[in-house]
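# A look at the structure
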Amino acid sequence: INVRGQFVPYIRLKYQFKIKSKKLDIEQVVITEIGNYQIGFVVDSVIDQHQTVIKNLSKVYKNIDGISGATIMADGTVSLIIDINNLLRLVEHENLAQYN
């Protein structure tokens with residue numbers, strides 16, 4: 001995407017985590033920085049900003065690439081925490097493998 005004249009690569013989280021859902025008319029992108037590098041994440045919606053306590057994942061879910069933990073929201077639902085560095089390495093590896 002073009003953000004203030006700068007191109008920022010992005011990852012569609014639904015595609016990366018193989019989540020099937022209805023295509024939205026407008027996509028929202030959350031942009032974050034890692035060092036001097038910007039990356040965007042296409043999300044269904046931005047809910048709010050929260051301070052959370054990150055819980056370790058159980059053994060069943062511990063080895064999901066790109067996920068580092070979980071948190072329990074105020075309404076009792078569980079939200080997964082994305083491991084951005086791990087997810088970037090995974091996407092880069094998949095892209096390299098696709099072209100080799």
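Residues numbered from 1 in each chain as written. Predicted model: local features only at pLDDT ≥ 70, side-chain atom pairs only at ≥ 80, totals over all residues. Heavy atoms only, no water.

### Looking at the pattern of salt bridges
In the structure shown here, the tally under the stated rule is two salt bridges. Ionic pairing is found between E27 and R12, a salt bridge with its closest N-O pair at 2.9 Å. One end of the pair, E27, is in the loop between α1 (13-16) and β4 (28-34); the other, R12, is in strand β3 (residues 10-12), with 15 residues separating them in the sequence. On the basis of relative accessibility, which here comes to 37%, the residue E27 falls in the partly exposed class. With a closest N to O distance of 3.1 Å, K14 and D44 form a salt bridge. With K14 in helix α1 and D44 in the loop between β5 (37-43) and β6 (67-72), this residue pair connects regions lying 30 residues apart in the sequence. For K14, a relative accessible area of 24% gives the class partly exposed. (Salt bridge = Lys/Arg side-chain N within 4 Å of Asp/Glu carboxyl O. Helix = DSSP H or I, 4+ residues; strand = E, 2+ residues; numbered from the N terminus. Buried < 20%, exposed > 50% of the residue type's maximum accessible area, 1.4 Å probe, protein only.)

### Side note on the sheet that holds β4
Spatial strand order, β3-β5-β4: three strands in an open sheet with mixed pairing. Only two strands of the sheet have a single partner each, and these edge strands are β3 and β4. Averaged over all pairs of adjacent strands, the angle between strand axes in this sheet comes to 25°, irrespective of strand direction. (Pairing = 2+ DSSP bridges. Axes fitted to C-alpha atoms, helices over the stretch in contact; angles between N-to-C directions.)

### Observations concerning a nonpolar patch on the surface
On the surface, I1, Y10 and I31 cluster together into a nonpolar patch covering about 230 Å² of accessible area. Within the element layout of this structure, Y10 appears in strand β3. The class for Y10 is partly exposed, based on a relative accessible area of 35%. (Patch = residues over 30% accessible without salt bridge, like charges linked within 9 Å, V, L, I, M, F, W, Y side chains within 5 Å. Areas by Shrake-Rupley, 256 points an atom, 1.4 Å probe, with all protein chains shown as cover.)

### As for the layout of surface pockets
Of the volumes computed, that of the largest pocket is approximately 1200 Å³. Along the wall of the largest pocket there are 28 residues; nearest its centre are L13, V43, S79, L80 and I82. For the lining of the largest pocket, the secondary-structure elements that each account for two or more residues are α1, β4, β5, β6 and β7 (78-82). A per-class count over the lining of the largest pocket returns 17 nonpolar, eight polar and three charged. (1 Å grid on protein atoms, 1.4 Å probe; cavity = no way out; pocket = protein on both sides within 12 Å on 5 of 7 lines; lining within 4 Å. Points joined across faces, edges and corners; volume = space filled by probe spheres on them. Nonpolar A, V, L, I, M, F, W, Y, C, P; charged D, E, K, R; others polar.)

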